[in-house]
Amino acid sequence: MNKTMLKKVAIVWLTALFIYGCATVPVTGRKQLNLVSNEEILPMSFQQYNEVLKESKLSQNQEWTRMVKQVGAKIQVAVETYMKEKGYSDHLNGYEWEFNLIESEVINAWCMPGGKVAFYTGIMPICEDEAGVAVVMGHEIAHAVANHGRERMSEGLVANGLLGGLSAAVGQNPTLTQEILMQSAGIGTQLGMLSFSRTHESEADEIGLIFMAIAGYDPHEAPEFWKRMDQGGELPPEFLSTHPHPATRIKDLEAQIPEAMKYYKEGN
Ligand SMILES: [Zn+2]
C-alpha cells in the first residue's frame, strides 16, 4: 500500500472509531473516544490496586481513616443515586468501591477505574475536615465515573496505530498494548496516577462538585480547599505535576457553585 492509500485507510478507520467507539460523559455530556470496555479494564485495575495496598502501609490514624471511609461511602451513594436518576446506572457495572488511607507524606489522592480510592496521609491536614475530604473525594471519583482512564487508553491505542478494539490490539502488539493500558489507568507510576489533561481536570472538578453536593457537603468548600492548597506557595512538585494550578481552578469552581447548589441539601 502506498502512503496515500494508507492515509485513506486510516481516515476511514478513525471515522468508524469515532462513530462506533464513542461514549458520553455523565453530567457534562461530553462525547469521548471509547475503544476499550470496562470489563477489560476493571480486573486489571483491581489487581493493581491490591498491589499498591500490599506495597503500602495503611494509616494508623483511626480518625482520619474513618473520615476517608465515611466520606467515600457517602459520595458512593450520591454517585449511585445520580447515575440511577439519569439512566446511567449501567456505567457503574462492575464497580467495587473501596476507600483506603495510606501512610505517606505525599500530598495526593487518586481513584483507579472501578472505584478504587486511595488517600495519602499527607493530604489530610489540608483537607482539614470531612468537607475538605469530600472535595478531594468528589474530584477523584469523578475521574473514574467519567472514565477518563479508559478514554486516555483509547486515545493511546489510536495514537499507536492499534485500531479495532482491545483484543485486536493485543493480537497486533501485546507488549505495547499492555503498556498503554497500564499507563492510562495511571498504574505503575510512583504517584499511583498519571497526570490528566486540562479537560479531564476541569471536568472532574465540575462533576465532583455536584457529587459532593448530593452527598450533603457544601460546594463552597471546594474553592476553600484549593485556597488552603495554594497557601504558602510551596505546593509539592508531585501534586502540581498531576494537577493544574489552584488559582485557575478556584476561579472555575466558584463559577460552577450555583449549578452545584441546586443539588445541595443541608444536613443530609
Ligand atoms: Zn484530577
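The structure reproduced in this document is the subject of the present report. Since this is a predicted model, take the numbers as computed values, not measurements. Within each chain, residue numbers correspond to sequence positions counted from 1 in written order. With the structure being a predicted model, the display of local features is reserved for residues of pLDDT at least 70 and the display and counting of side-chain atom pairs for 80 or more, all residues being used for whole-chain, interface and lining totals. Note that the side-chain values use all heavy atoms of the structure and ignore hydrogens as well as water.

**Quick word on the coordination of the zinc ion**
Protein coordination of the zinc ion is provided by His139 (NE2), His143 (NE2), Glu201 (OE) and Glu201 (OE), with donor distances spanning 2.1 to 2.5 Å. Coordination shells were defined by N, O and S atoms within 2.8 Å of each metal, extended to 3.2 Å for Na, K and Ca; water is absent from the atom set, which can make sites look incomplete. A four-donor site is called tetrahedral if each angle lies between 85 and 135 degrees; a four-donor site is square planar, and a six-donor site octahedral, when trans pairs exceed 155 degrees and the remaining angles lie between 65 and 115; all other cases are labelled irregular. Metal-centred angles of 53 to 131° between the 4 donor atoms at the zinc ion mark the site as irregular.

**With respect to the pattern of salt bridges**
It is possible for side chains bearing opposite charge to pair when their charged atoms get close. The working definition used for a salt bridge is a side-chain nitrogen of Lys or Arg within 4 Å of a carboxyl oxygen of Asp or Glu. This structure, assessed with the given rule, holds 11 salt bridges. Its salt-bridge partner being lysine 227, residue glutamate 254 comes within 3.6 Å of it at the nearest N-O pair. With glutamate 254 in helix α12 (residues 246-261) and lysine 227 in helix α10 (residues 221-230), the pair connects residues that are 27 residues apart, well separated along the chain. Among the residues examined, glutamate 254 registers a relative accessible area of 39% and is labelled partly exposed. Of the residues examined, lysine 227 reaches a relative accessible area of 34% and is grouped as partly exposed. Note that lysine 262 and glutamate 259 form a salt bridge whose closest N and O atoms lie 2.8 Å from each other. The exposure class assigned to glutamate 259 is partly exposed, which follows from its relative accessible area of 36%. Overlapping salt bridges, with partners in common, bring together Arg30, Glu151 and Glu203 in one network. Helix numbers and strand numbers start at the N terminus; a helix is a DSSP run of H or I with at least 4 residues, a strand a run of E with at least 2. We call a residue buried when its accessible area falls under 20% of the maximum for its residue type, exposed when it is over 50%, and partly exposed in between, using a 1.4 Å probe and counting protein chains only.

**A few points about unusual backbone geometry**
Leaving glycine aside, a negative phi is the common case for residues, and trans is the common case for peptide bonds. Phi at glutamate 128 is positive, roughly 75°, even though this residue is not glycine. Mapping glutamate 128 onto the fold places it in the loop between α4 (124-127) and α5 (130-145). Note on glutamate 128: relative accessible area 54%, which makes it exposed.

**Notes on the packing of α10 against α12**
Relative placement of two packed helices is described by the angle separating their axes and the distance separating the axes. It is the contact of α10 with α12, at a shortest axis distance of 9 Å, that shows an interaxial angle of 170°. Considered as vectors, α10 and α12 are oriented roughly antiparallel to each other. Across from Ala222, Pro223, Trp226, Lys227 and Asp230 in α10, the residues of α12 making contact are Pro246, Arg249, Ile250, Leu253, Glu254 and Ile257. Ten residues, namely Ala, Val, Leu, Ile, Met, Phe, Trp, Tyr, Cys and Pro, are considered nonpolar, four, namely Asp, Glu, Lys and Arg, are considered charged, and the remaining ones, Gly among them, are considered polar. In the contact of α10 with α12, the residues fall into 7 nonpolar, no polar and 4 charged. Lines fitted to C-alpha atoms define the axes, with helix axes restricted to the stretch in contact, and inter-axis angles between N-to-C directions lie between 0 and 180 degrees. Oblique is the label for any angle not covered by the other classes, which are roughly parallel (under 35 degrees), roughly antiparallel (over 145) and roughly perpendicular (65 to 115). Contact between two residues is taken to exist if any of their heavy atoms lie within 4.5 Å; hydrogens are not considered.

**Re the pairing of strand β3 (residues 98-102)**
For a regular strand, side-chain orientation follows a simple rule: the groups alternate between the two sheet faces. A large share of β3 lies buried, amounting to 4 of its 5 residues. Alignment of β3 against strand β5 (residues 116-120), held across 5 bridges, turns out to be parallel. When the bridges of β5 are listed, isoleucine 102 appears paired with tyrosine 120. Should DSSP find at least two bridges between two strands, the strands are taken to pair.

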